[in-house]
Amino acid sequence: MQFKRTLFTLLALGTAAFAHAQGNWPTKPITLVVPFAAGGPTDVVARTLGAAMTKSLGQTVVVENKLGAGGTVAAAYVAKAQPDGYTFFIHHNGMATAPALYRKLSFDPLKDFEFVSQAVEVPMTFLARKDFPANNFQEMVTYIRANKEKINLANAGLGAVSQLCGMMFQRAVGVQLTEVPFQGTAPAMNALLGGQVDVLCDQTTQTVPQIKAGSVKLYGVTTKNRVKVLPNAPTLAEQGLKDFEVVVWHGIYAPKGTPKPVVDRMNAAVRAALKDPDVIKRMDDLGAEIVPDATNTPEALHAWLKSEIDKWGPVIKAGGKFAD
Ligand code: MLT
């Protein structure tokens, strides 16, 4: 009897302490895991949001870059992290494409995470090194078809959107190029600038400054319509790659079991960040579009991820490129 009473008291104290801890959340810095290299497109979005969220949360949001295997190393790490409200994860379409790309995945994107929020959508751009011998899209396609065995296409590994875009491009043009994987498109862009690789499909959040500086050649954008930040860039679809469309979307996740009040407060912090004038300006300058507030709920992210898994699974399987 005495034992039962002690156990009950301990449980009650534990629950009260947990509730109190959640009520005070956050009491220390929060880690936001980024699955690609520092300085790249995902990192730019994470650090811009993190800085704004720090204002409303009253604690620093620390970005941690966990690299490898097209984002799946970081996703597996977060899936197994303590669900204590201090580890979050930002990822893009790779969360939806990984199940089709990897035969063995140690996490289930739909089951092993709490869903916090969507964030921004980002167009991609198809680029070549500055001295690539093609001055427009048609010349580029002709040159690539004629020289396919010596063209290097950079990407950020299986699961990266640069790889997905590159795969769709090769399929649309009917070539198989040498793919050179990096641990993010930040190092891939450095290789393009240095002339070690020839072509790269990458997000405007990284490429706009390089395009505006004339450091790379731009052949088009991957969206259905032209984008405001690069008004003179035609879409790949309007230049002949029928129905070509890749838009990068971002989701913020937490390890499964993260308390709902914490997830809800994090959702509110992300939404507040997306209304922050500094975030709006930076995203606008880099061609990223903020997801409308009304649809920015954990439920909407879950439904969106599910629809993306259903959409990309068959497309990727038809591409026939997989990893264990
Ligand atoms: C990055 O942040 O490096 C990119 O999002 C990688 C990619 O998916 O292409």
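Just so it is clear, the model here is predicted, and its values are computed rather than measured. (Residues numbered from 1 in each chain as written. Predicted model: local features only at pLDDT ≥ 70, side-chain atom pairs only at ≥ 80, totals over all residues. Heavy atoms only, no water.)

## Details of the site of the ligand
Here comes step 1: Around the ligand, the structure places Phe36, Pro41, Thr42, His92, Ala156, Ala160, Val161, Ser162, Gly184, Thr185 and Gln203.
Here comes step 2: Separating an oxygen atom of the ligand from a side-chain N or O atom of His92 is a distance of 2.6 Å.
Here comes step 3: At 2.7 Å from an oxygen atom of the ligand is found a main-chain nitrogen or oxygen belonging to Thr185.
Here comes step 4: Against a free-state accessible area of 270 Å², the protein chains account for coverage of 100% of the ligand.
Here comes step 5: The pocket occupied by the ligand, as judged from atoms lying within 2 Å of grid points, is the largest cavity.
Here comes step 6: Listing elements by their share of the shell around the ligand, those giving two or more residues are α2 (41–57) and α6 (161–173).
Here comes step 7: Residues from two domains meet in the shell around the ligand; each of domain 1 (18–122 + 248–319) and domain 2 (123–221) gives at least three. (Near = heavy atom within 4 Å. Polar contact = N/O pair within 3.5 Å; in protein donor to acceptor, adjacent residues only side chain to side chain. Areas by Shrake-Rupley, 256 points an atom, 1.4 Å probe, with all protein chains shown as cover. 1 Å grid on protein atoms, 1.4 Å probe; cavity = no way out; pocket = protein on both sides within 12 Å on 5 of 7 lines; lining within 4 Å. Sits in = over half its atoms within 2 Å of the grid points. Helix = DSSP H or I, 4+ residues; strand = E, 2+ residues; numbered from the N terminus. Domains from an automatic or database assignment.)

## Section: the side chain of Glu114
Here comes step 1: Its place among the elements puts Glu114 in strand β4 (residues 113–129).
Here comes step 2: No salt bridge is formed by the buried Glu114; the nearest opposite charge belongs to Lys256, separated by 4.0 Å.
Here comes step 3: Looking at Glu114, its side chain comes within polar contact range of the main-chain nitrogen of Gly257, at 2.8 Å.
Here comes step 4: With near-sequence residues (within four places) excluded, Glu114 lies in contact with Ile252, Tyr253, Ala254, Pro255, Lys256, Gly257, Thr258 and Val263. (Buried < 20%, exposed > 50% of the residue type's maximum accessible area, 1.4 Å probe, protein only. Lys, Arg positive; Asp, Glu negative; His and termini not counted. Salt bridge = Lys/Arg side-chain N within 4 Å of Asp/Glu carboxyl O. Contact = heavy atoms within 4.5 Å.)

## With respect to the confidence of the model for the chain
Here comes step 1: The predicted model of the chain averages 92 in pLDDT, with 91% of residues at 70 or higher.
Here comes step 2: This stretch, residues 7–17, has a pLDDT under 50; its non-local contacts, to residues over four places away or in other chains, come to 0 contacts. (pLDDT = per-residue confidence, 0-100.)

## Describing helix α9 (residues 260–273)
Here comes step 1: Along its 14 residues, α9 runs 20 Å from first to last C-alpha, staying within 8% of the 20 Å computed at 1.5 Å per residue.
Here comes step 2: Turning to α9, its buried residues are Val262, Val263, Met266, Asn267, Ala269, Val270, Arg271 and Ala273. (Expected span 1.5 Å × (residues − 1).)

## Points about the pairing of strand β2 (residues 61–65)
Here comes step 1: In terms of strand pairing, strand β1 (residues 30–34) meets β2 through 5 bridges, oriented parallel. Opposite Val34, over in β2, you have Asn65 as the bridge partner.
Here comes step 2: Assessed by its sense of winding, the connection that carries the chain from β1 through α2 to β2 is right-handed. (Pairing = 2+ DSSP bridges. Right-handed = clockwise from strand over helix to strand, strands pointing away.)

## Brief notes about empty space enclosed by the protein
Here comes step 1: Going through the model one piece at a time under the given rule, you end up with 1 cavity of 30 Å³ or more.
Here comes step 2: In this structure, the largest cavity encloses a volume near 70 Å³.
Here comes step 3: Looking at the largest cavity, it is lined by 13 residues, and the ones nearest its centre are Phe36, Pro41, Thr42, Thr185 and Gln203.
Here comes step 4: At the level of elements, α2 and α6 are the ones that each hand at least two residues to the lining of the largest cavity.
Here comes step 5: Residue composition of the lining of the largest cavity, by class: 6 nonpolar, 7 polar and no charged. (Points joined across faces, edges and corners; volume = space filled by probe spheres on them. Nonpolar A, V, L, I, M, F, W, Y, C, P; charged D, E, K, R; others polar.)

## As for the domain arrangement of the chain
Here comes step 1: Structurally, the chain comprises domain 1 (18–122 + 248–319) and domain 2 (123–221).
Here comes step 2: Once you take the C-alpha centre of each, domain 1 and domain 2 turn out to be 26 Å apart.
Here comes step 3: Each partner contributes residues to the interface: domain 1 has 31 residues there, and domain 2 has 25 residues.
Here comes step 4: Here domain 1 packs against domain 2, burying approximately 2,000 Å² in sum over the two surfaces, 68% of which is carbon and sulfur.
Here comes step 5: For domain 1, the biggest contributors to the area lost against domain 2 are Pro41, Val122 and Leu286; these three give 27% of the whole.
Here comes step 6: Inspection of the domain 1/domain 2 interface yields 0 salt bridges.
Here comes step 7: Counting the contacts that link domain 1 with domain 2 gives 4 residue pairs in polar contact (both at pLDDT 80 or more).
Here comes step 8: Within the residue set of the side of domain 1 that touches domain 2, elements represented by two or more residues are α2, α4 (94–101), β4, β9 (247–255) and α11 (298–319). (Buried area = accessible area lost by both parts, 1.4 Å probe.)

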